[in-house]
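These are the residues of each chain, in order.
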Amino acid sequence: MASPSSFWSKAFRDAIKSSVFIAKIYCFLHVTTNHLGFMAYAYGPSMTPTLHSSGNVLLAEQITKRSQKPSRGDIVVIRSPENPNKTPIKRVIGIEGDRISFVIDPRKNDQSETIVVPKGHVFVQGDYMHNSRDSRNFGPIPYGLIQGRVLWRVWPFQDFGPLEPTLT
């Protein structure tokens, strides 16, 4: 019969192995979601017809935001300048130095405004401009608020695949 001390010794070793395994999983998930990529959820009509208003699960990457600036047509996840708890998904319409003319509120009238996108900023807009809160409302977005660039639609499954940058 095994001694009680060998039982506790084995239990302690097993607990340490399990703890190390859980720590490795946590580290992997932390590095992946904070430095490589993450899943984003988009819902609402602002990106119709590119994204379904009933909801989409998207794969966004964070690598290129460290090595290159966003391009016109990229779909990006941003930290909302109005509510930091929200991460809307919009399309980059203008990059620094671009002169952008836009209709302020297309639902009410056709009054337009022209701005030059400042250095270190992008102008973002929803594909369905009649129902989107974007740079027309809160101005150009600093690069620091860009969380990632959307690469793939994961759900709904019938539309699974890459989302290519385009200007609508």
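Here the structure is a predicted model, which is why all the values come from computation and not from measurement. (Residues numbered from 1 in each chain as written. Predicted model: local features only at pLDDT ≥ 70, side-chain atom pairs only at ≥ 80, totals over all residues. Heavy atoms only, no water.)

Draft legend 1. Layout of unusual backbone geometry. Cis geometry is adopted by the peptide bond preceding Pro-49, which originates at Thr-48 and carries an omega value of 10 degrees. Examined against the element boundaries, Pro-49 turns out to sit in the loop between β1 (37-42) and β2 (56-61). Here the bond from Trp-155 into Pro-156 is cis, since omega is 5 degrees, no more than 30 degrees from zero. Here Pro-156 lies in the loop between β9 (146-155) and β10 (161-162). (Helix = DSSP H or I, 4+ residues; strand = E, 2+ residues; numbered from the N terminus.)

Draft legend 2. Main features of the UniProt feature "domain: Peptidase S26" (unreviewed entry) in the protein chain. Cross-referencing UniProt, the feature "domain: Peptidase S26" (unreviewed entry) maps to residues 28-102 and 112-155 in the present numbering. Counting secondary structure, residues 28-102 comes out at 17% helix and 36% strand; the distance between its end C-alpha atoms is 43 Å. (UniProt positions renumbered as here; feature names shortened; annotations may be inferred.)

Draft legend 3. Structural detail: the layout of surface pockets. In this structure, the largest pocket encloses a volume near 550 Å³. As for the largest pocket, its lining consists of 21 residues, of which Tyr-43, Lys-86, Thr-87, Pro-88 and Lys-90 are closest to the centre. The class makeup of the residues in the lining of the largest pocket is 9 nonpolar, 8 polar and 4 charged. One number sums up the size of the second largest pocket: a volume of about 160 Å³. Along the walls of the second largest pocket sit Thr-64, Lys-65, Gln-68, Lys-69, Pro-70, Asp-74, Val-76, Tyr-143, Ile-146, Gly-148 and Arg-149, which together make up its complete lining. For the lining of the second largest pocket, the elements supplying multiple residues, two or more each, are α2 (64-67) and β9. By residue number, the principal contributor to the lining of the second largest pocket is β9, which donates 3 residues. Of the residues in the lining of the second largest pocket, the class split is 4 nonpolar, 3 polar and 4 charged. (1 Å grid on protein atoms, 1.4 Å probe; cavity = no way out; pocket = protein on both sides within 12 Å on 5 of 7 lines; lining within 4 Å. Points joined across faces, edges and corners; volume = space filled by probe spheres on them. Nonpolar A, V, L, I, M, F, W, Y, C, P; charged D, E, K, R; others polar.)

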